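Coordinates in review
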Amino acid sequence: MFALIDGNSFYCSCERAFDPSLRGKPVVVLSNNDGCIIARTQEAKDLGLKMGEPWHIASKRPGLKSVVWMSSNYALYGDMSRRMYELLVERAPAVEPYSIDEMFMDFAGVPDMPALAADIRAYVRRVAKIPTCVGIGPTKTIAKLANKVAKSYRAGTGVCDLSSPEVRAAAYPKIDISDVWGIGPASQTKLRKRGVLTVADFLLIPKVEVRGLMTVVGARTHAELNGVSCIAFSETPATRKSLAVTRSFGRSVTEWCEMEKALASYATRAGEKLRGHKLAATAMQVFVRTNEFNKDPKYFNQATFDIEPTSDTLALVKDTLRAGRRLWRPGYRYAKAGVVLLDLSSTSTLPETLFPSIDPERSVRLMGAMDAINQRYGRRTLIPGRAGLAQRWSMKRQRLSPRYTTEIGEIARPAPQAEPRTVVRLRRMYVRRMMSRQHGRPGMPPKSERFEMRLEPMLLERLDQWAEEKGASRAEAARDLILLGLDRSPRAGVSFSDGEKLIMAMIADLGKPKTSREIDTDEVMSAIYGGHLWALKWEMQGLFHDHVDAPGAVSLVVDTLDMWSFIEEAVERFSAAERKLLEKEAGVWGKYPKFSGFDGNNETEYLGIARHLVDRMDRFSRFKGREMNSHSPVVTRYARMTRAFQPVRASLGGRTPIGMNVTEVITLLNSARHTD
C-alpha cells in the first residue's frame, strides 16, 4: 500500500512559511529571470492566473494589483524539501522522494492509514509550516490520483483514501482521464477520439488494445489503475545518468570574457552537484544560443564530446571553456548557455584511468577542501578564477527572498517599532561587486548603512504609488529613487532615461542606409499607442539596461592609457645601453615594458572602457588592434603607477622634445610592485 504526500503550491508555501504577511494573499513565484509563473496559491488560481503564463503580460490585466510576485529561491525550496523529507522519515515506515515537493510513503501493514496520513500531514504543517495533501492507494498511480482528488476538495480533510475497490469504483466515473499520472496530452487526444473521457471509460478498454494504442507504458498505467502494482517502491533513488546546469542570462552577453565567466560558473556548479551525488562524468555537452523570441540574428550551437572520467571542477572548467571557445561567434547577442554532464557513473565503481591527466588523490583532497569551505562560508566563497567575481550576466531576480535556512547573514534583523506609514527603513544591501570605485581595492564590497527617513503622509502616498507601479517594496522604491536622483544630479555627468535612450538610438539609426537599420519604427509606434512599453524593453534588451561605467574607472583607464603611451614611446627611443639599464633596474617589468590591458575575467568594466576608447573613439591609436586582455588582475598596479606618473606628466609639456628619460621609466615600473 502506498501514500503520496504533496506540498500545496510548494514554492509559494515556502515563501509564506517565513513571511506571514503573505498568508491569505494571492502569491505567485516566477521562473528564471522573473519570466513565467511556475507556482500559484489558490487565491492566485481563483484570479485566473495560469501556470507558464508570462508575468510581464499577466500583470497588466485589471484586477491583479493585489497579487504578490516573488523571484524563485531554489536554495530555500531545496532545503525546505530536505526538511520535509526528514520529518516524514520520523513518522512513516519508509519514504521515497519523487520530486522536490512530492514523496511516496510505504504504508504496507499500517492498520489505520487515513489516521497516520492525517497525523503526518499535521506534523509537517506544524513543524515545517508547509500545507500538504495525502493520497492513499494500492499502487503508486492510484495514490497519485488520490492525492489529486484530495487537492480538488478544499473543504475536505486533505487526505483521500482510494485503497478500497468499492471506493474506486464510485470515484473513477467522476475523474477526468487527464488527471491520471502517466497519460500525457498525446495519449489523451487518442483516448478522447475513442470516446474515453473518464478513468472508468479507460478501464473498460481491453488490456491488449491499450498496449497497441499507448505502448507498454499505457498498459502499465491500465494495470496500476486496476490495483495491480507495477512500479515498485524504492528508498534508494536510481543513479542519475545526466546532470545539467543551464541558465538564461539577465541581459544579453556580447563579449567572450562574460560568456567565459558564465560557462566557468556553470561548470563549477555542475562539479559541486557531481560530488554531492558521489558521481563522475565521462562525457559533456556545452551549448550557447541567442534569444529565439526577438528579432536579433539567431544562432545556436552545441558540442558533445567524451572527457576523462572526473568530478574535478578545474578539469570540468577547462573542458567547458575549450568547447565554448569553439562555439563562440562574435556579433551575436547571446541569451542562454549551459553545461550538461553525461554518462554519469558512481565514483566507487569507476574504473581507474591508466594515465590520468591529473593526480586523482590530489584532486580528491583539493575538491574536498573547496567543498568544505563553500559549505561553511557560503557558495562561491572559493571558486576557480575564470568564473570571476562579478556576474552582470546573472539572472534577474528582483524579488528574491532571503535564504532563511542556509544563509544566516540574510536573515532580516528585527527593526524597532515605528508609527505606521511614517518611517521608511532602508535595509542593509548585500552587494557583491567585482571592483569598488576606489582604485586599488579589488573585490571589496561597498559599505552600507541602515537609516530612517520620516516622510509626510502625502509624500509617502506618492512613494507607495510609485512602488506599486514598479512592482517593488517601499524600501526598494526609496533606494531606486535615491539612485535616480543621484544619477540626474549635475555632477553625475551624461545620463539618459529609457525614453531618451530610445530617441537617441532612433536618431542614430536614421543615419544608416535603410537596409541596415535596426529599429522597426512601426513596432515602436504600435507599442507606444497600445501601451505595450514592456515590448520595447523585451525587443531591445541591449538598449534598456542600468549599467553605467563608474567615473573613477573611466579616469583610471584614461590615465593608464596616457601613461603607457609615454612609456612605450620613450622605450622605443632608448639606446641599447639604456634598455640594458632598464632591464637591470626594473627587473621583469623592464624587459618587455608594454601595455598588456586589463583582466578579462575580473576587470571587465575597465577592459570594456579601454576597448571603447581605442576601437570606437579612435583615442590612443597606439593600442589599436591589441587584444588588451592581461589575463591577470592589474588595476591595483596601474593605480600605483598613475599616481607616481602625475608629477612626471605635469613636467612633460615643457620639455623639448617631449619624452621620459630612462630614470623616470624605471621609477614608474618599480612603483607597480611596491605596496602603498
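The rules behind the values
Residues numbered from 1 in each chain as written. Predicted model: local features only at pLDDT ≥ 70, side-chain atom pairs only at ≥ 80, totals over all residues. Heavy atoms only, no water. pLDDT = per-residue confidence, 0-100. Contact = heavy atoms within 4.5 Å. Phe/Tyr/Trp six-rings, centres within 6.5 Å; stacked < 30°, edge-to-face > 60°. Lys NZ or Arg CZ within 6 Å of the ring centre and 35° of its normal. Core = buried A, V, L, I, M, F, W, Y, C linked by side-chain atoms within 4.5 Å. Buried < 20%, exposed > 50% of the residue type's maximum accessible area, 1.4 Å probe, protein only. Helix = DSSP H or I, 4+ residues; strand = E, 2+ residues; numbered from the N terminus. Patch = residues over 30% accessible without salt bridge, like charges linked within 9 Å, V, L, I, M, F, W, Y side chains within 5 Å. Areas by Shrake-Rupley, 256 points an atom, 1.4 Å probe, with all protein chains shown as cover. Salt bridge = Lys/Arg side-chain N within 4 Å of Asp/Glu carboxyl O. Pairing = 2+ DSSP bridges. Expected span 1.5 Å × (residues − 1). Axes fitted to C-alpha atoms, helices over the stretch in contact; angles between N-to-C directions.

1. A look at the confidence of the model for the protein chain
The predicted model of the protein chain averages 83 in pLDDT, with 88% of residues at 70 or higher. Low pLDDT, under 50, characterises residues 413-447; the stretch is placed with 81 contacts to residues that sit more than four places away or in other chains.

2. Comments concerning the packing of aromatic side chains
Overall, the coordinates contain 23 aromatic pairs when judged by the stated rule. Within the aromatic cluster, the residues linked to one another by ring pairs are W564, F595, F598, Y606, F623 and Y638. When the ring centre of Y123 is taken as reference, the NZ or CZ atom of R91 above it lies at 3.8 Å.

3. Focus on the nonpolar core
It is characteristic of soluble globular proteins that their nonpolar side chains tend to be buried jointly. Ranked by size, the top nonpolar core spans 39 residues in total, and within it W564, I567, L582, F598, M660 and V665 carry the most contacts. If you tally residues by element for this core, the top one is helix α19 (residues 551-573), at ten residues. When near neighbours in sequence (up to four residues on either side) are disregarded, I567 contacts M641, M660, V665 and L668.

4. Re a nonpolar patch on the surface
A cluster of nonpolar side chains, namely M525, I528, Y529 and L533, defines an oily patch on the protein surface of about 450 Å² accessible area. Per-element accounting of the nonpolar patch gives the leading share, three residues, to helix α17 (residues 521-529). When you line up the elements, I528 lands in helix α17. What makes I528 partly exposed here is its relative accessible area of 43%.

5. As for unusual backbone geometry
Non-glycine residue M628 carries a positive phi angle of around 60 degrees. Within the element layout of this structure, M628 appears in the loop between α22 (604-616) and α23 (635-652). Even without glycine at this site, H631 takes up a positive phi of about 65 degrees.

6. Notes on the pairing of strand β6 (residues 102-106)
Counting buried residues in β6 gives four out of five residues, a clear majority hidden from the surface. In terms of strand pairing, strand β1 (residues 2-7) meets β6 through five bridges, oriented antiparallel. Across the sheet, residue A3 finds its bridge partner in β6, namely M105. Once strand β5 (residues 95-97) ends, the chain turns through four residues before running back antiparallel as β6.

7. Comments concerning the pairing of strand β7 (residues 132-137)
Extensive coverage of β7 is indicated by the burial of six of its six residues. Here β7 shows two buried faces, one formed by T132, V134 and I136 and the other by C133, G135 and G137. Bridge count for β1 against β7 is six bridges, and the pairing is antiparallel. Among the inter-strand pairings, F2 is bridged to a residue of β7, identified as G137.

8. Quick word on helix α4 (residues 74-91)
Residues that lie three or four places apart on an α-helix share one face, since the helix turns once every 3.6 residues. The first and last C-alpha atoms of α4 sit 26 Å apart over 18 residues, in line with the 26 Å expected at 1.5 Å per residue. Considered for burial, the residues of α4 that qualify are L76, Y77, D79, M80, S81, M84, L87 and L88.

9. Digging into the pattern of salt bridges
Think of it this way: side chains of opposite charge can pair up when their charged atoms draw near. For the structure on display, the rule yields 25 salt bridges. Residues E260 and R386 are paired through a salt bridge, measuring 2.6 Å at the closest nitrogen-oxygen approach. On the criterion of sequence distance, the pair formed by E260 in helix α11 (residues 256-276) and R386 in the loop between α13 (360-377) and β14 (423-426) is long-range, its members being 126 residues apart. The exposure class of E260 is buried, given its relative accessible area of 8%. Residues R649 and D562 are paired through a salt bridge, measuring 2.7 Å at the closest nitrogen-oxygen approach. Pair noted here: R649 is in helix α23 and D562 is in helix α19, with a separation of 87 residues, a long-range link. Using a relative accessible area of 34% as the deciding quantity, one classes R649 as partly exposed. Overall, the relative accessible area of 18% leaves D562 in the buried class. Each of D79, R82, R83 and E86 takes part in a single network of salt bridges with overlapping partners.

10. Comments concerning the sheet that holds β7
Spatially, five strands are ordered β5-β6-β1-β7-β8 in an open sheet, and the strand pairing comes out mixed. Both edges of this open sheet fall to β5 and β8 (159-161), since each of them pairs with a single strand only. Mean inter-strand twist for the sheet, computed between neighbouring axes without regard to direction, equals 20 degrees. As paired strands, β5 and β6 are joined by three bridges and run antiparallel to one another. Residue pairing across strands places E96 opposite F104, the latter belonging to β6.

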